[in-house]
Amino acid sequence: MKECEISARGINVWYGPKQALFDVSLDIYKNTVTSLIGPSGCGKTTFLRCINRMNDLIPFCRVEGKLMIKDTDVYGKEADVLSIRKKVGMVFQTPNPFPKSIYENVAYGPFIHGVRDKKKLDEIVRHSLQEAALWDEVKDELNKSALMLSGGQKQRLCIARALAVEPEIIVMDEPCASLDPIATAKIEDLITRLKEKYTVVIVTHNIQQAARVSDYTAYFYLGKMVEYGKTAEMFENPKEKSTELYLTGRFG
Amino acid sequence: MKIGKDPDGLAELLVKISAYSMILVVFFIFFFLFFEGIKIFNFESVQHFFLGQSWQPTSSNPRFEIASIIIGSLFVTAGALLLSVPVALGCAIYLSEVAPPSLSELLKPVIEILAGIPSVVIGFFGLTVVVPAVASIFGIPSGLTLLSGILVLAIMVLPTIETISEDALRSVPRSYREASAALGATDWETIHKVVLPAAMPGITVAILLGFGRAIGETMVVLMVTGNAAIIPTSVFDPIRTMTATIAAEMGEAPFGSPHYFALFMIAATLFVISFMVNSAANLLIKRGSRYA
Amino acid sequence: MLDRRTTQAVVFSSFLLCVALVVAILFFVLFDIISKGIAMVSWEFLTQPPRNNMREGGILTPMVGTILLSIGAMIAALPVGVLTAIYLSEYAREGRALSLVNSAISNLAGLPSIVFGLFGLAVFVNLFGFGPSLLAGSLTLGLMSLPVIIKTSQEAFASIPFSFREASLALGATKWQTIRHHLLPYAMPGILTGLILGVSRAAGETAPILFTVAAYFLATMPSSVFDQSMALPYHLYILSTQSFNLRATQNVQYGTALVLLSVVLALNSAAIIIRAYFRRKYRW
């Protein structure tokens, strides 16, 4: 059995009066890629944003239940939101590099967490860009604006930016939704390599993508987690009718 | 938690203090005007002050009655709106509904430039061009009259009314226009029967704010209306407004004199008028957005 | 059928006439002031103080006064204005406090300028004991420019996509770090626009400075913030209404009007251009 990295127990989420997640319990294992799939509005993104408390930004959002990252109680009284977010790197649906230079984009995270030494920052930037498979393409133009990059490059830059703060977990919210197939393939390739060092959780609309990149898959429907298991097993042999319908493309 | 160690807490505190100080500022402005102004009622009764017509602040037996001044303000404001509203609405409808977009873009700066001209420059133009013209066209000895005030003030408030009305017209959904046009209505019928009624709350706000702008305008009326504190019997009489009275006399009113207090009471009255106009406009905006 | 079309043609023509009238008025005003003022505007006019009962010389002293007043007003208003804008766009949640702040700002924007002048007199000149001075005048003008600075800055913050806030916070940045490192720099063009509009408003206003700073005539420049000062709009008002011999100062009046008009319009155009430029540049 693999070591458990994230453990959610009885997570309920409300947006104002509307409940978005119902009693979700889930263990996510260390150094694996876990996909969250399901039709739009099923709660998969809501669950993802619970992991690094990004739901805090949404007015009138309320979270109940227990979510542990190793020994850290994410919603506990003593929880330090900033260090949780440092521990959980996030990549968004649309690539959102800051309108600054490539270098500044990657260096920003370590900078706010106290790294001021220029040499050390240089080293982090190089290493993170290498890990995100972007270094060779941009090493000569680190001071150029990140907005000049292509869509796929931007997204890899955002991954490098997330890696630069040395997270343990990377959560990705449909990271390829706005990319072309070639750029998507590069990101998928990257994701499978990232799990050697990190635990990756990815929300995706693309069932094939989940099959290609993930070890485990959780299927969400109408705010409930319907089924969770090894990707290969679930795709070959879904236990629930709803999962089967979704996987065979009959709704969603 | 030490504030020095918590820049986030300090920042939140600072922005909140700044924002809430806006409420305090408005309150203080009213408080100080009223606090100074109320002392006039030691010298003149409330009833006389607001309803009497004799403004003789510097005579040996001074009288502080502002009815003629309030009426002066109302007349010149009403006159300016009467001229300005139709023209401003005509422009707004033309620019938002009739003119091709390229022409609208070209004409937009005209309104913006007009809005940007300092009031003292418009007043100067009024004094050197409009006042002599009024005198010679109507054969009166002096052009410093209600009419000149109306003409010049109308120029002053036109951009306010035009801009807000145009915004209101432009925010009427396209689907309304298409629905009406599909029924075979001409463009004008569509504007008249569909677009204008839908934009009415916004246009009302425009006229209200135009009123507030006109009654609060100082330099223009000070420079062209002659400043006689009498109730005018024709547009060729000089008038004096509340704003001009304060501007012209505060310099000579000794600190702490009844005259000083009376001028503050006029300013407090202006504050109340402006506050009511603004509140009415805000209420309309809120209600308008509820139905949108 | 023909009837309805004729009606429309008549109505639309009358609207076009309204537009033509406004264009004509604007050009008439501009033409009158430019044509009669342009002969006066020379290097000497801009660099000499008024002389000989303001009949000769230039407008250096009032111009410097107006520049100082505008700078002072912005020093007073910009920090509070930007902080308030940050509150409105980043911190405020729907509710009573927010709607009170909003209605306070809209009331401030609608207050007659002479009312600001009187408040400045009562509080800055008399209560705080600054006397008629650059300090009192700047604070009064600053107060009056607050709404335009707040509104423009708030729009600048609101136009920044939410995703930058998310990206920064997700890295573990605090809210204030996010504002300082991202939102403030990205909003800078908008804040600059607001600043320029505020300067233009402060430079062109007369009523608020009547009793708080403006001097009829001063032979020398102000040497401290507690000194009175001349100012361009007030200078124009005095020249055109109170000088000993109106005819004799007519040229100076037109020259002054032209300079004031040019300064204010140039500032407004700069604001419009900056806004347009950055709108095109930042397509996030």
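Here the structure is a predicted model, which means the values were calculated and not measured.

**Description of the overall build of chain A**
Line of reasoning, step 1. Within chain A, the secondary structure is distributed over ten helices and ten strands.
Line of reasoning, step 2. For 252 residues, the compact-globule estimate of 2.2 N^0.38 gives 18 Å, and chain A sits close to it at 18 Å.
Line of reasoning, step 3. For chain A, the spread of C-alpha atoms along the principal axes amounts to about 55 × 45 × 35 Å.
Line of reasoning, step 4. Put simply, chain A has 252 residues, and 54% of those count as buried.
Line of reasoning, step 5. For chain A, the share of sequence-separated contacts (at least 6 apart) that also reach a separation of at least 24 residues comes to 68%.
Line of reasoning, step 6. Roughly 11300 Å² of accessible area belongs to chain A as shown, and the carbon and sulfur atoms make up 51% of that amount.
Line of reasoning, step 7. One way to put it: in chain A the 35 positive side-chain charges average out to a point 3 Å from where the 33 negative ones average out.

**Describing the overall build of chain C**
Line of reasoning, step 1. When its secondary structure is counted, chain C shows ten helices and two strands.
Line of reasoning, step 2. Counting from the amino terminus, helix and strand elements in chain C follow one another as α-α-β-β-α-α-α-α-α-α-α-α.
Line of reasoning, step 3. When each of the 284 residues of chain C is scored for burial, the buried share is 56%.
Line of reasoning, step 4. With an accessible surface of roughly 11800 Å², chain C has 65% of that area assigned to carbon and sulfur atoms.
Line of reasoning, step 5. Between the mean site of the 18 positive side-chain charges and the mean site of the 10 negative ones, chain C shows a separation of 7 Å.

**So, the sheet that holds strand E2 (residues 18-29) of chain A**
Line of reasoning, step 1. In spatial order, the strands read E2-E1-E4-E5 (chain A); together these four strands make up an open sheet with antiparallel pairing. The strands lining the two open edges of the sheet, one partner per strand, are E2 and strand E5 (72-73) of chain A.

**Structural notes on the sheet that holds strand E6 (residues 88-91) of chain A**
All names here are of chain A.
Line of reasoning, step 1. With respect to topology, six strands assemble into an open sheet ordered E6-E7-E8-E3-E9-E10, the strand pairing being mixed. Edge positions in the open sheet fall to E6 and strand E10 (224-230), since each of these has one partner strand only. Averaged over all pairs of adjacent strands, the angle between their axes in this sheet comes to 15 degrees, without regard to strand direction.
Line of reasoning, step 2. As paired strands, strand E7 (residues 169-173) and strand E8 (residues 199-203) are joined by five bridges and run parallel to one another. In the strand pairing of E8, Val171 is matched with Val201.
Line of reasoning, step 3. Here helix H7 (residues 181-194) sits on the sheet and contacts strand E3 (33-37), E7 and E8; the angle it forms with E8, its principal contact strand, is near 145 degrees.

**Here we look at the interface of chain C and chain A**
Line of reasoning, step 1. Taken residue by residue, the interface counts 20 residues in chain C and 24 residues in chain A.
Line of reasoning, step 2. At the boundary of chain C with chain A, total buried surface from both sides reaches about 1900 Å², with 68% on carbon and sulfur atoms.
Line of reasoning, step 3. Three residues, Glu166, Ala170 and Leu171 of chain C, lead the burial of chain C against chain A; their summed loss comes to 32% of the area buried on that side.
Line of reasoning, step 4. For the pair chain C and chain A, the number of links is one salt bridge.
Line of reasoning, step 5. A salt bridge links Glu166 of chain C to Arg49 of chain A; the nearest nitrogen and oxygen atoms lie 2.8 Å apart.
Line of reasoning, step 6. Of all the elements in the fold, those that place two or more residues in the side of chain C that touches chain A are helix H7 (162-170) and helix H8 (175-204) of chain C.
Line of reasoning, step 7. Per-element accounting of the side of chain C that touches chain A gives the leading share, eight residues, to H7 of chain C.

**A word on a nonpolar patch on the surface**
Line of reasoning, step 1. A contiguous nonpolar surface patch, about 490 Å² in accessible area, is contributed by Leu24, Phe27, Phe28, Phe31 and Phe35 of chain B.
Line of reasoning, step 2. Within the element layout of this structure, Phe27 of chain B appears in helix H1 (residues 7-37).

**A closer look at the side chain of Ser104 of chain B**
Residues and elements named next belong to chain B.
Line of reasoning, step 1. Position of Ser104 relative to the elements: it lies in helix H4 (residues 101-116).
Line of reasoning, step 2. In this structure Ser104 comes out as buried when scored by relative accessible area, which is 7%.
Line of reasoning, step 3. Apart from the residues within four sequence positions on either side, Ser104 is in contact with Leu95, Ala99 and Arg170.

Here is what the cut-offs are and how they apply
- Residues numbered from 1 in each chain as written.
- Chains lettered and ligands numbered in written order.
- Predicted model: local features only at pLDDT ≥ 70, side-chain atom pairs only at ≥ 80, totals over all residues.
- Heavy atoms only, no water.
- Helix = DSSP H or I, 4+ residues; strand = E, 2+ residues; numbered from the N terminus.
- Rg over C-alpha atoms; globule rule 2.2 N^0.38 Å.
- Buried < 20%, exposed > 50% of the residue type's maximum accessible area, 1.4 Å probe, protein only.
- Contact = heavy atoms within 4.5 Å.
- Areas by Shrake-Rupley, 256 points an atom, 1.4 Å probe, with all protein chains shown as cover.
- Lys, Arg positive; Asp, Glu negative; His and termini not counted.
- Charge placed at Lys NZ, Arg CZ, Asp CG, Glu CD.
- Pairing = 2+ DSSP bridges.
- Axes fitted to C-alpha atoms, helices over the stretch in contact; angles between N-to-C directions.
- Buried area = accessible area lost by both parts, 1.4 Å probe.
- Salt bridge = Lys/Arg side-chain N within 4 Å of Asp/Glu carboxyl O.
- Patch = residues over 30% accessible without salt bridge, like charges linked within 9 Å, V, L, I, M, F, W, Y side chains within 5 Å.

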